[in-house]
Amino acid sequence: MARIPYADCTSAAARPLADRIAAERGSVLHLYQMLLHSAPVAEGWLGYLTAIRQKSSLPGDLRELVIMRVAQLNHAPYEADQHAPIALREGVSQAKLDALPHWQDCPLFDARERAVLAYTDAMTRQVQVSDEVFAFVAAHFEPRRLVELTATVAAYNMVSRFLEALQIHSHDAR
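On a predicted model such as this, the values are computed, not experimentally measured, just so you know. (Residues numbered from 1 in each chain as written. Predicted model: local features only at pLDDT ≥ 70, side-chain atom pairs only at ≥ 80, totals over all residues. Heavy atoms only, no water.)

Moving on: the overall build of the protein chain. Across its full length, the protein chain carries nine helices and zero strands. In terms of overall dimensions, the protein chain is globule-like: its C-alpha atoms have a radius of gyration of 17 Å, near the 16 Å expected for 174 residues. In terms of its C-alpha atoms, the protein chain occupies a principal-axis envelope of roughly 50 × 30 × 30 Å. By the burial criterion, 46% of the 174 residues in the protein chain qualify as buried. Long-range contacts, defined as pairs at least 24 residues apart, comprise 66% of the intrachain contacts of the protein chain with a sequence gap of at least 6. (Helix = DSSP H or I, 4+ residues; strand = E, 2+ residues; numbered from the N terminus. Rg over C-alpha atoms; globule rule 2.2 N^0.38 Å. Buried < 20%, exposed > 50% of the residue type's maximum accessible area, 1.4 Å probe, protein only. Contact = heavy atoms within 4.5 Å.)

As recorded in UniProt, the sites labelled "domain: Carboxymuconolactone decarboxylase-like" (unreviewed entry) are residues 41–121. In the segment residues 41–121, helix accounts for 73% and strand for 0%; the C-alpha atoms at its two ends are 27 Å apart. (UniProt positions renumbered as here; feature names shortened; annotations may be inferred.)

Moving on, we come to the nonpolar core. Of all hydrophobic cores here, the largest spans 53 residues; its most connected members are Leu31, Tyr32, Leu36, Phe109, Phe141, Leu149 and Tyr156. Residues contacting phenylalanine 109, with those up to four places away along its chain left out, are Leu65, Lys96, Ala99, Leu100, Trp103, Arg114 and Leu117. (Core = buried A, V, L, I, M, F, W, Y, C linked by side-chain atoms within 4.5 Å.)

Our focus in this paragraph is the pattern of salt bridges. The full count for this structure, using the stated rule, is nine salt bridges. A salt bridge links glutamate 90 to arginine 63; its shortest N-O distance comes to 3.3 Å. Pair noted here: glutamate 90 is in the loop between α5 (77–89) and α6 (94–99) and arginine 63 is in helix α4 (residues 60–73), with a separation of 27 residues, a long-range link. Several salt bridges converge on common partners, so that one network encompasses Arg20, Glu24 and Glu43. (Salt bridge = Lys/Arg side-chain N within 4 Å of Asp/Glu carboxyl O.)

Below you can see the structure in the form of structure tokens.
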């Protein structure tokens, strides 16, 4: 159960944005139901995450590997529950999802995926990224994609920290 109740999405303050979220995303997920306690924060969040997920040039399979790895590292089951089906649709195999906890020792991941996962691990665990890890990932991407990759890792660390601080989970009643 979430630590605070979900916002009333039918209130005058929340309704316009809740309707927009439902139109863009298909429904108002628990994450947005919580964010709608503050319509300005919810609106900014929606814009940022839409840019990360839908306007970035980063390939969808790499984006979803990042999101799934961040969810694992931060023990954020809601994030993983929401993104596992998306990862599969983006071409990440179930075998790769199953192997993410031990990706370093798994031959399923190619050099580019290993670089992305090493970068994700460093940004999530240590925050600071060593020159060695950065050089490894930079060898695979031009500056635009490096910025988009970095923003994706940062954004989904933000998401998991928000979810876990407020204990938002898939099984919560709406």
